[in-house]
Amino acid sequence: MRTKNNINQRSNTVQGLRSFKDTLPKNVKKIINKKGHIYSETLSNWKYIVGIELFKFCYPKTFKNSNKFGVSTLVIMVKRGHEVDMEYSKKEILDKMNSFFGYTVVEKLKFISFDDQQKIFSNDIGNRENVANKKYQNKINDVKNEKIKKSLIELTKVFKEK
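Scoring rules and cut-offs
Residues numbered from 1 in each chain as written. Predicted model: local features only at pLDDT ≥ 70, side-chain atom pairs only at ≥ 80, totals over all residues. Heavy atoms only, no water. Helix = DSSP H or I, 4+ residues; strand = E, 2+ residues; numbered from the N terminus. Buried < 20%, exposed > 50% of the residue type's maximum accessible area, 1.4 Å probe, protein only. Areas by Shrake-Rupley, 256 points an atom, 1.4 Å probe, with all protein chains shown as cover. Salt bridge = Lys/Arg side-chain N within 4 Å of Asp/Glu carboxyl O. Polar contact = N/O pair within 3.5 Å; in protein donor to acceptor, adjacent residues only side chain to side chain. Contact = heavy atoms within 4.5 Å. Expected span 1.5 Å × (residues − 1). Arc of directions from axis to C-beta.

Asks: Which residues make up the overall build of the protein, and what values go with them?
Replies: Secondary structure summary: the protein contains 8 helices and 5 strands in total. Going from N to C terminus, the protein has its helices and strands arranged as β-β-α-α-α-α-β-β-α-α-β-α-α. In the protein, buried positions account for 23% of the 162 residues. For the protein, the computed accessible surface area is about 13,200 Å², with 53% contributed by carbon and sulfur atoms.

What follows is the structure, encoded as structure tokens:
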């Protein structure tokens, strides 16, 4: 790599391949250095930290690092009805988090409850041929080649299953 002084810019530029972290703006680097590492490690190891039972109905939302106004706080989203279980295991989660990182990372846990409303779709096996939307079904019916038409119907079945 070659270093080049650019007259139009304040800083020196480097020609050649650069690492990803060198291409990020300074503000983004500061954010990643402050809380990006802790939050990403918490997300990837959440199942280990809280255990399988609590993992089913909670997940970490944000991590706020300590400053002169407050302590470091981990905000956890909890499914409605399981707040009491989380409150009883609060001390255990704090101890596991701090032992996982090796120092006092989190001093306070904050819980926010949410409703888990999932739409349940009935899976009609008898109505398998008309799985595409009516708008697309009309376009598929306009196709003259039978092989392509059958392939498109099979493709819509695969997308419908997912």
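Asks: Explain the pattern of salt bridges to me, and be specific about the residues and the numbers.
Replies: Taken as a whole and assessed by the stated rule, the structure comprises 4 salt bridges. For E87, the salt bridge goes to K90, with nearest N and O atoms at 3.4 Å. Overall, the relative accessible area of 42% leaves E87 in the partly exposed class. Linking K91 and D95 is a salt bridge whose minimum nitrogen-to-oxygen distance equals 3.6 Å. Of this pair, K91 and D95 both sit in helix α6 (residues 90-101), 4 residues apart, which is roughly one turn of that helix. For D95, a relative accessible area of 42% gives the class partly exposed.

Asks: Please provide a residue-by-residue account of the environment of G81, values included.
Replies: Here G81 lies in the loop between β4 (73-79) and α5 (83-88). We classify G81 as exposed; its relative accessible area is 58%.

Asks: Would you mind going over the side chain of S72 in detail, with residue names and values included?
Replies: Inspection of the secondary structure puts S72 in the loop between β3 (58-64) and β4. Judged by relative accessible area, S72 falls into the buried class, the value being 1%. A distance of 2.6 Å separates a polar side-chain atom of S72 from the backbone oxygen of V105. Beyond its immediate sequence surroundings of up to four residues, S72 is in contact with F63, K64, N65, S66, V105, V106, E107 and K108.

Asks: Tell me about α6, and please be specific about residues and values.
Replies: Here α6 is 12 residues long and its end C-alpha atoms lie 17 Å apart, about the 16 Å a rise of 1.5 Å per residue gives. Buried residues of α6: I93, L94, M97, N98 and F101, and no others. Projected down its long axis, α6 shows its buried positions confined to an angular sector of 125°, all on one face. The outward face of α6, more than 90 degrees from its buried face, is lined by the exposed residues K91 and S99.

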